[in-house]
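Summary of the model geometry
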Amino acid sequence: MLQRRKAYKTAILGILIAIILVQSMVPMLGYIPTGFVNITIIHITVIVAAIVLGPKDGAIVGLVWGIGTIIRAFTSPTSIIDTTVFTNPVVAVLPRIAVGLLAGWIYLWFRNHTQKKVLGMAIASAVGSLTNTVLVLGLMRVMYASTMAQAYATKTDLLNKMLLVIVGTNGVPEMIVAIILAPAISTAILKTNKFLDN
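I will try to describe carefully the structure that is included in this document. (Residues numbered from 1 in each chain as written. Predicted model: local features only at pLDDT ≥ 70, side-chain atom pairs only at ≥ 80, totals over all residues. Heavy atoms only, no water.)

The next point concerns the overall build of the chain. The secondary structure content of the chain amounts to 9 helices and 2 strands. When its helices and strands are written in sequence order, the chain yields α-β-β-α-α-α-α-α-α-α-α. For the chain, with 198 residues in total, the buried portion stands at 48%. By sequence separation, contacts in the chain at least 24 residues apart represent 68% of the contacts at least 6 residues apart. (Helix = DSSP H or I, 4+ residues; strand = E, 2+ residues; numbered from the N terminus. Buried < 20%, exposed > 50% of the residue type's maximum accessible area, 1.4 Å probe, protein only. Contact = heavy atoms within 4.5 Å.)

See below:
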């Protein structure tokens, strides 16, 4: 049973990593380019990995997402800040790893302390999505304020307002989609193999 569980987890991890790589490289599968910024849907795969496999594997899938982000920024940028910002591992990788870790930890806490698994999945999805949005935009603001102001034709002191608009127009919809899809996908995977969620 233990060997079967380990083999299944490895297979699921491999599938999710493959999905992340495809989402990172194929337009419209992981990012929806708007010309201004990219609306992200790829974080849902990381959150599912964190819920189904745990924080460690969630972080691994997040790491692959981050590496894919850097590769895409170099090879096929889709927004005006890709080549400047998302070639930096601090911005491209660290927030993605944090998504997997936090979503996984939150789900485990709810599962182990409240038995409210679906609620735990929803909150883990919300926090995972917001973690990506807040960390990426926060790091961009701290590290690339003048570059962003120039790219978006705005003054540096107005950058905070612009970032809040991005949180509202991109971050909130991304979070809502994650809250709906990640628990549904995770529940389906866990129902077919209940020994994963023990």
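Our next topic: the packing of aromatic side chains. Considering all chains together, one arrives at 1 aromatic pair under this definition. Seen in terms of ring centroids, Trp 109 and Phe 110 are 5.2 Å apart; in terms of plane orientation they differ by 80 degrees. Their pairing is edge-to-face. Given a relative accessible area of 44%, Trp 109 falls into the partly exposed group. According to the relative accessible area criterion, Phe 110 is buried, its value standing at 14%. Seen from the ring of Trp 65, Arg 96 lies directly overhead, with NZ or CZ sitting 4.2 Å from the centre. (Phe/Tyr/Trp six-rings, centres within 6.5 Å; stacked < 30°, edge-to-face > 60°. Lys NZ or Arg CZ within 6 Å of the ring centre and 35° of its normal.)

Take the side chain of Thr 133 next. Here Thr 133 lies in helix H7 (residues 117–143). Judged by relative accessible area, which is 7%, Thr 133 ranks as buried. Every residue in contact with Thr 133, bar those within four places of it in the chain, is listed here: Val 167, Gly 171 and Glu 174.

This part covers the nonpolar core. Of all hydrophobic cores here, the largest spans 28 residues; its most connected members are Ile 20, Ile 47, Val 52 and Val 61. Counting only elements with at least two residues in this core, the list comes to helix H1 (2–25), helix H2 (43–53), helix H3 (55–75), helix H6 (94–113), H7 and helix H9 (159–192). For this core, the leading source of residues is H2, giving 9 residues. Apart from the residues within four sequence positions on either side, Ile 47 is in contact with Val 99, Ala 103, Ser 125, Gly 128, Ser 129, Ala 178 and Ala 182. Residues Val 85, Ala 92, Val 136 and Leu 137 belong to the second largest nonpolar core, which totals 18 residues. (Core = buried A, V, L, I, M, F, W, Y, C linked by side-chain atoms within 4.5 Å.)

Judged by side-chain polarity, Val 22, Met 25, Val 26, Leu 63, Ile 67 and Ile 71 come together as a nonpolar surface patch covering roughly 440 Å² of accessible area. Where the nonpolar patch is concerned, the elements lending two or more residues are H1 and H3. Take the nonpolar patch: its biggest share by element is 3 residues, from H3. Topologically, Ile 71 is positioned in helix H3. Judged by relative accessible area, Ile 71 falls into the partly exposed class, the value being 38%. (Patch = residues over 30% accessible without salt bridge, like charges linked within 9 Å, V, L, I, M, F, W, Y side chains within 5 Å. Areas by Shrake-Rupley, 256 points an atom, 1.4 Å probe, with all protein chains shown as cover. Salt bridge = Lys/Arg side-chain N within 4 Å of Asp/Glu carboxyl O.)

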